[in-house]
Amino acid sequence: MAELIEVIKEKLSKYSKTTLKVASLRPSAVMLIIYPKDEGYYILLNKRSEEVEHHKGEISFPGGAKDEGDNTMLDVALRETHEEMGIFSEDIQVLGELSEVSTNSGFVINTFVATIPYPYKFQISSAEIAEVIEMPLDSLLDRTNHREEAWIEEERLVRGFIYAYNGHLVYGATARILGQLVALLENDVR
């Protein structure tokens, strides 16, 4: 089972991360956690509570904005993952990074891909997280769960995917990050 984790790590070691150099965007970081469970692989997502400042009720990865005490973007992702999900940094094995994406709320997201041991006893912050979603990787890679959307943003046509899973729709920056993972893996897990 651990072979896919090694494939991801190898692919990310050769991946050329794109950075967004827009000074007006606020730095943030997320942790895309993939782990073996029930003879498959799962991606850890959460539904944000209605109490958070940004993106209420949306599906996201554990993560958030950079604070004064954070030295690196990895520090941000590790801190936020612990605050939201109760996952300790020593239990997280970082595999690599994906390209930065921006949000319509003015953030630039640094994405760290990682794995954790499973089973794991999550300690959820109910103030920030309304629901934990463990999305099977097979569901993400199943094209029948993808829906392409198009919209106008700053006078230009933008296209993107929305992913459906278990009554949830994953869209926006989270969907764009998942799209990077799909592109990275498409040829290796089918």
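Residues numbered from 1 in each chain as written. Predicted model: local features only at pLDDT ≥ 70, side-chain atom pairs only at ≥ 80, totals over all residues. Heavy atoms only, no water.

**Comments concerning the packing of aromatic side chains**
Tallied over the full model, the rule gives three aromatic pairs. Judged by centre distance (5.8 Å) and plane angle (35°), the rings of tyrosine 120 and phenylalanine 122 are tilted. Take phenylalanine 122: its relative accessible area is 18%, and that puts it in the buried class. Of note, lysine 37 hangs over the ring of tyrosine 42, and the distance from its end group to the ring centre comes to 5.0 Å. (Phe/Tyr/Trp six-rings, centres within 6.5 Å; stacked < 30°, edge-to-face > 60°. Buried < 20%, exposed > 50% of the residue type's maximum accessible area, 1.4 Å probe, protein only. Lys NZ or Arg CZ within 6 Å of the ring centre and 35° of its normal.)

**A few points about the pairing of strand β1 (residues 26-37)**
Burial analysis of β1 places nine of its 12 residues in the buried class, which makes it a mostly covered element. Bridge analysis of β1 against strand β6 (residues 107-115) gives eight bridges, and the strand direction is parallel. Within β6, the position partnered with methionine 31 by the bridge is phenylalanine 112. Sheet analysis places β1 next to strand β4 (residues 63-65), joined by three bridges and oriented antiparallel. Bridging from a neighbouring strand, valine 30 pairs with glycine 63 of β4. Pairing analysis gives four bridges linking β1 to strand β2 (residues 40-48), with the strands arranged antiparallel. Across the sheet, residue tyrosine 35 finds its bridge partner in β2, namely tyrosine 42. Between β1 and the antiparallel strand that follows it, β2, lie two residues; aspartate 38 among them carries a positive phi value of about 50°. (Helix = DSSP H or I, 4+ residues; strand = E, 2+ residues; numbered from the N terminus. Pairing = 2+ DSSP bridges.)

**Looking at the environment of isoleucine 33**
Locating isoleucine 33 in the fold gives a position in strand β1. In this view, isoleucine 33 contacts Tyr42, Ile43, Leu44, Thr81, Ile87, Ala114, Thr115 and Ile116; residues no more than four positions away in its chain are not counted. (Contact = heavy atoms within 4.5 Å.)

**Regarding the nonpolar core**
Ile43, Leu137 and Leu140 are the most contacted members of the largest nonpolar core, which has 33 residues in total. Of the residues forming this core, the biggest block, eight residues, is contributed by helix α4 (residues 172-185). Ignoring anything within four residues of it in the chain, the contact list for leucine 137 reads Leu4, Ile34, Tyr41, Tyr42, Ile43, Leu181 and Leu185. One finds Tyr42, Leu78, Ile87 and Tyr120 within the second-largest nonpolar core, a separate group that totals 19 residues. (Core = buried A, V, L, I, M, F, W, Y, C linked by side-chain atoms within 4.5 Å.)

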